[in-house]
Each structure stands twice: as structure tokens, then as C-alpha cells.
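Structural overview for review
As a plain string of letters, each chain reads:
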Amino acid sequence: MGIDLITIVGPTASGKTGRAVALAKHLHSEIISGDSRQVYRRMDLGTGKDLEEYGDVSYHLIDVCKAGERYNLHRFVRDFHKVYPELKERGILPVFCGGSGMYVETVLSGVVLPDVEVNEPLRNQLQGKTLDELTEILKSYKTLHNTTDVDTEKRAIRAIEIEEYYRKNPSEALKADRRTATPLNSLIIGMDIPREQRRQRITYRLRKRLDEGMVDEIRSLIASGINPDDLIYYGLEYKYLTLYVIGELSYEDMVSKLEMAIHQFAKRQMTWFRGMERRGFKINWLPYDIPEQDFFDSVDELIESYRSADAC
């Protein structure tokens, strides 16, 4: 069957982007980003894009929508399945890199989401209903695991439209359901970093990005017309720096609260990745500070072991 792609995961500040770029160069590959916030243009320092690390390595699913929009898992899966087949057709073994566990796991689960056309009769029927009413209708189709689909009336109507499509096209619904989708065969590499080193690197990186102008990035986004509430919605850096810029937090409180929030976020990331292992995903953990050649050798050995297993 072979390997469909190589996935690099790890918590924030574990150095996964640098490792993914180095590996892409080593394999003459390209990177697909699995980060839920790096999709936004002009949100660079706060999302930790570190685009200067990429050099001449091509990357995908970074800067694909405007700041202020609300990207979601559904859009990501659809975008991934536009990029991924094109890379495979060119004979490239993609390097999939991300810290957004839900995005990474959903893609690796093999979920494929169809292009659902507008259902005008259904939209006319739903027009004028309140968000609470639309939410209840959506609940009649599925269990709501998050509130992304019901942020606004428009999003709720679209979610109902999609669920109605699945009801009428059960074969498409099977491909969109993790329980019945065909998983991708990915070699997953996890960057293993001890808790104390992770905390130190988070603190250092936060101070560095503040020095590099992260506050000015927020001011520029607001000055361009983006509503502060939309930036706060993105959480972490964009939440706390926006609260500082609009005068609701002092600089010292902002830094303190943000640093704590990033530490908590990194912990949640690791909880998700450990959960992935319990759900059947094999993650090969390598030390975050492993020498580069040793990293390449380890990945090459893992790739060869996958090929050997396929040959048996």
C-alpha cells in the first residue's frame, strides 16, 4: 500500500516546523500545513508561521483566507483534498505538519467532504428562523460536538444544508464520517520535548515575538478595519494582545495571562496527541533536539520499515 504522506506533530515550541522543512528538503518534498490559524493572511507573528524557515520549500494551506474570516474544519478538509491529490500526482510524498490535533487527525482518518451545492428551497424554508431554532434543527441531524456551525444564522443554515445533502446521499455521508472513511496511511513523527524545556522555549519565543512587533501586527489588523471581537475569537496571542491594544489589559497582565494560556494550550495539544495514540494512530516520538542527520536517518529507517511491511 505504501505511505501516503509523512506527518510531523508536536506541541507549540517543539520545533516541528523546522523539522518539517528540513525533512521536506531531504525528501525533495513539499509541506501541507495542518495549523488552524496559519490559514489567515497578515496574521504572521501571532500564529508563528516562521515563513523565513521555509526557504525554497513549497508550502500549502498557509495564507489561504483573509484575517477576520472564520475558517473551520470543514473548509480545511476540503482544501486539503484539493492540494493532496495534486502533490501525489506529481510523485511527491507530502510532509504534513501541524499542531492542530483535530485538523490533523480528521485528515488522517481519511474523511473526504463533498462540494455541497446551495439548496434554495431549503434556504427559503429556513429563512427568518432564529439561531436557537436553527440550532435545534441541526441537532435533529447530528450531535453537535462544538459551536462552530452555529456561530451565526448563515453558518447554521449552511450546516443544515450539508446535513440534508448527506441524508439524501448516504454514500457521500459514509466518506465524510470518520467511522466509515478509509484512513490515510501516514508515517507519523512526534517531536518529543520535556515539559520544562517546552515551557522555557514557549517563554523565549513569546518574548522574541513581542520584540519583533507582535503588538504592531494586532494594531495594523485593527486599523485595516478588522473588528477586535473577530481577533479575540482566534484566541491565544490574538485574544490577549487585542485586549491589551483596546485597553482592557495592562501590558504586564497581557504577557502573564498569554504566557499561561500558551502553556495550557501546549498541554492540551499533548493530551490530544496521546488520545490519537489511544484511538489507534501510531506516533513515532523522536527527541525534539535530536541532531539533524540522526533525525533523517530515523525517518528513513521508519519509511523503509513501512515498505518492508508492505512487501511481506
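Scroll up to find the structure.
In short, a report on the structure.

Thresholds applied
- Residues numbered from 1 in each chain as written.
- Predicted model: local features only at pLDDT ≥ 70, side-chain atom pairs only at ≥ 80, totals over all residues.
- Heavy atoms only, no water.
- Helix = DSSP H or I, 4+ residues; strand = E, 2+ residues; numbered from the N terminus.
- Rg over C-alpha atoms; globule rule 2.2 N^0.38 Å.
- Buried < 20%, exposed > 50% of the residue type's maximum accessible area, 1.4 Å probe, protein only.
- Areas by Shrake-Rupley, 256 points an atom, 1.4 Å probe, with all protein chains shown as cover.
- Lys, Arg positive; Asp, Glu negative; His and termini not counted.
- Charge placed at Lys NZ, Arg CZ, Asp CG, Glu CD.
- 1 Å grid on protein atoms, 1.4 Å probe; cavity = no way out; pocket = protein on both sides within 12 Å on 5 of 7 lines; lining within 4 Å.
- Points joined across faces, edges and corners; volume = space filled by probe spheres on them.
- Phe/Tyr/Trp six-rings, centres within 6.5 Å; stacked < 30°, edge-to-face > 60°.
- Lys NZ or Arg CZ within 6 Å of the ring centre and 35° of its normal.
- Contact = heavy atoms within 4.5 Å.
- Nonpolar A, V, L, I, M, F, W, Y, C, P; charged D, E, K, R; others polar.
- Polar contact = N/O pair within 3.5 Å; in protein donor to acceptor, adjacent residues only side chain to side chain.

1. Digging into the overall build of the protein
Looking only at helices and strands, the protein has 13 helices and 6 strands in total. Over its C-alpha trace the protein gives a radius of gyration of 21 Å, about what one expects of a compact globule, namely 20 Å for 312 residues. With the C-alpha coordinates aligned to their principal axes, the bounding extent of the protein is approximately 60 × 60 × 35 Å. Taken across its 312 residues, the protein has 48% of its residues classed as buried. For the protein, the exposed surface amounts to about 15,600 Å²; the carbon and sulfur share of it is 48%. Between the mean site of the 44 positive side-chain charges and the mean site of the 50 negative ones, the protein shows a separation of 4 Å.

2. A word on the layout of surface pockets
The gaps of empty space that remain are located by a probe, the size of a water molecule, rolled over the atoms. Looking at the second largest pocket, its volume works out to about 230 Å³. Lining of the second largest pocket is provided by 13 residues; of these, L108, P183, L184, G280 and F281 occupy positions nearest its centre.

3. Quick notes on the packing of aromatic side chains
In total, this model carries 12 aromatic pairs according to the counting rule given. Relative to F96, the ring of F80 lies with its centre 5.3 Å away and its plane at 55°, an arrangement referred to as tilted. Pair noted here: F80 is in helix 2 (residues 73-89) and F96 is in strand 4 (residues 95-98), with a separation of 16 residues, a long-range link. For F80, a relative accessible area of 0% translates into the label buried. Of the residues examined, F96 reaches a relative accessible area of 0% and is grouped as buried. Each ring, one from Y233 and one from Y234, has its centre 5.9 Å from the other, and the planes form 65°; the classification is edge-to-face. Note on Y233: relative accessible area 32%, which makes it partly exposed. One aromatic cluster in this structure is built from F76, F80, Y84, F96 and Y103. Over the face of the ring belonging to W285 we find R274, whose NZ or CZ atom lies 4.6 Å from the ring centre.

4. A word on the side chain of H263
Within the fold, H263 resides in helix 12 (residues 251-278). A relative accessible area of 9% means that H263 is categorised as buried. Among residues more than four places away in sequence, those in contact with H263 are R199, I202 and T203.

5. Some words on empty space enclosed by the protein
As enumerated under the stated definition, the model contains 1 cavity of 30 Å³ or more in all. Of the pockets and cavities examined, the largest cavity occupies roughly 50 Å³. As for the largest cavity, its lining consists of I202, R205, L206, R209, M214, E237 and I262. Its residues assigned to classes, the lining of the largest cavity shows 4 nonpolar, no polar and 3 charged.

6. Regarding the environment of T242
Tracing the chain through its elements places T242 in helix 11 (residues 236-245). Take T242: its relative accessible area is 0%, and that puts it in the buried class. Considering only alpha carbons, one finds T242 and V215, 27 residues apart in sequence, at a separation of 8.2 Å. Apart from residues no more than four positions distant in its own chain, T242 is found in contact with I218, I222, P228, L231, I232 and E237. A polar side-chain atom of T242 sits 2.5 Å from the main-chain carbonyl oxygen of Y238.

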